[in-house]
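Residue-level structure breakdown
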Amino acid sequence: MIYANRAEWLAASRKRVLFFGMSGLGKTYLANMLRASPTGWFHYSVDYRIGTRYMGEYIADNFKREAMKNPFLAELLLSDSVYIASNITFDNLAPLSTYLGKPGSEAKGGLTFEEYMIRQNQHRGAEQAALMDTTYFIERSQAIYGLPNFVCDCGGSICEVVDPENSADPIMKELSEHLLMVWIEGSAEHTDELVRRFDRAPKPMYYQPAFLDKKWLQYRVERGLREDEVNPDDFIRWTYRQALDHRQPRYAAMARNWGIKVAASDVALVRDEKDLTSLIASALPA
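Quick caveat: nothing in here was measured; it's all calculated off a predicted structure. (Residues numbered from 1 in each chain as written. Predicted model: local features only at pLDDT ≥ 70, side-chain atom pairs only at ≥ 80, totals over all residues. Heavy atoms only, no water.)

Side note on the overall build of the chain
Along the chain, the regular secondary structure elements total 14 helices and five strands. In summary, the chain has a C-alpha radius of gyration of 20 Å against a globular reference of 19 Å for 286 residues, a match within 12%. Taken along its principal axes, the extent of the C-alpha atoms in the chain is 60 × 50 × 35 Å. Carbon and sulfur atoms provide 51% of the accessible area of the chain, an area that totals close to 13,700 Å². Computed over 34 positive and 38 negative side-chain charges, the inter-centroid distance for the chain is 3 Å. (Helix = DSSP H or I, 4+ residues; strand = E, 2+ residues; numbered from the N terminus. Rg over C-alpha atoms; globule rule 2.2 N^0.38 Å. Areas by Shrake-Rupley, 256 points an atom, 1.4 Å probe, with all protein chains shown as cover. Lys, Arg positive; Asp, Glu negative; His and termini not counted. Charge placed at Lys NZ, Arg CZ, Asp CG, Glu CD.)

What about unusual backbone geometry?
Of note, Asp80 is a non-glycine position whose phi angle comes to about 55°, a positive value. Considering the arrangement of structural elements, one finds Asp80 in the loop between α5 (71-78) and α6 (94-100).

A closer look at the pairing of strand β2 (residues 41-45)
Consecutive side chains of a regular strand alternate in pointing toward one face of the sheet and then the other. With five of its five residues buried, β2 lies for the most part within the structure. Where burial is concerned, the two faces of β2 agree: the one with Trp41, His43 and Ser45 and the one with Phe42 and Tyr44 are both buried. Bridge count between β2 and strand β3 (residues 149-153): five bridges; the pairing is parallel. Note on β3: the bridge partner recorded for Tyr44 is Cys152. (Buried < 20%, exposed > 50% of the residue type's maximum accessible area, 1.4 Å probe, protein only. Pairing = 2+ DSSP bridges.)

Side note on helix α3 (residues 46-54)
Residues of α3 that are buried: Val46, Asp47, Arg49, Ile50 and Gly51. The secondary structure elements touched by the buried residues of α3 are β2, α4 (56-67), α6, α7 (113-132), α8 (134-143) and β3. (Contact = heavy atoms within 4.5 Å.)

Description of the packing of aromatic side chains
Under the definition given, this model contains 19 aromatic pairs. Ring centres of Phe198 and Tyr240 lie 3.9 Å apart, and the angle between their planes is 0°; this geometry places the pair in the stacked category. Here the residue Phe198 occupies a position in helix α10 (residues 188-200), and Tyr240 occupies one in helix α12 (residues 232-258), the gap between them amounting to 42 residues. Each member of the pair, Phe198 as well as Tyr240, carries the same accessibility label: buried. Pairwise contacts between aromatic rings join Phe42, Tyr44, Tyr136, Phe137, Tyr145 and Phe150 into one cluster. (Phe/Tyr/Trp six-rings, centres within 6.5 Å; stacked < 30°, edge-to-face > 60°.)

Examining the pattern of salt bridges
Applying the stated criterion across every chain, the model contains 18 salt bridges. Ionic pairing is found between Arg241 and Asp192, a salt bridge with its closest N-O pair at 2.9 Å. Pair noted here: Arg241 is in helix α12 and Asp192 is in helix α10, with a separation of 49 residues, a long-range link. For Arg241, a relative accessible area of 32% corresponds to the partly exposed category. On the accessibility criterion, Asp192 (30% relative accessible area) is partly exposed. We note a salt bridge from Glu193 to Arg196, for which the minimum N-O separation is 3.1 Å. Within this pair, Glu193 and its partner Arg196 are both found in helix α10, separated by three residues, close to a single helical turn. Look at Glu193 and you get partly exposed, because its relative accessible area is 28%. What makes Arg196 partly exposed here is its relative accessible area of 46%. Overlapping salt bridges, with partners in common, bring together Glu160, Arg247 and Arg250 in one network. (Salt bridge = Lys/Arg side-chain N within 4 Å of Asp/Glu carboxyl O.)

Spelled out as structure tokens, the structure:
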């Protein structure tokens, strides 16, 4: 770790942290809070980088394909009379998740599993590249903006695109050499609430390929469905809790081998940079 103990962390004139864990437990809340802090923090959002630098064209082209189905819009597009682009922001990543989509019946808004896997693989490569860009943005934040501190807000799927048990994993090595890796660990109650929230509004997400292949087959076998008969929302609702359970030991390995952990219940009590600095210090060795 770049801070061997709490004294080093507290004394550091340039603090650099990366928050990881399940979506909905406070990563973006903490990053936004630090960005607004007067001490100067650069906020690097991995999902925003994915949706702009690496998947922006895929997303825009998908919008255009849909627009071409409308004769009025098609004519305007072909004559370069309209411009269609993604308006993705740190706080609105809907264009990225919408592009990922859900597998199942096209009549119910789903994608063929083949197309779905193409987009999943695009996301995997984009996420790995965006994570490796973190060091560049650390340097950029200091060289251009003169900001001494840096926070990386990564997506919940980081644990799916690295091997946390491999001491030679290139992404984990790169990140841990430049930032303090902090796992926001949720409780069983947090998981239950995330599942309830997801059930109300199921959203596309990235899955590890082996896990996804297994669940796609298991779901269809249990229900006796062909691929084109699957209800996309029902499948991702059914998969979500299992995906969280799949990710938990991978997050734990990331914290055990590469960083530290803090409780989501403690993160919920953080109101300012001072609170967060103290919370992280308490998780580091004395």
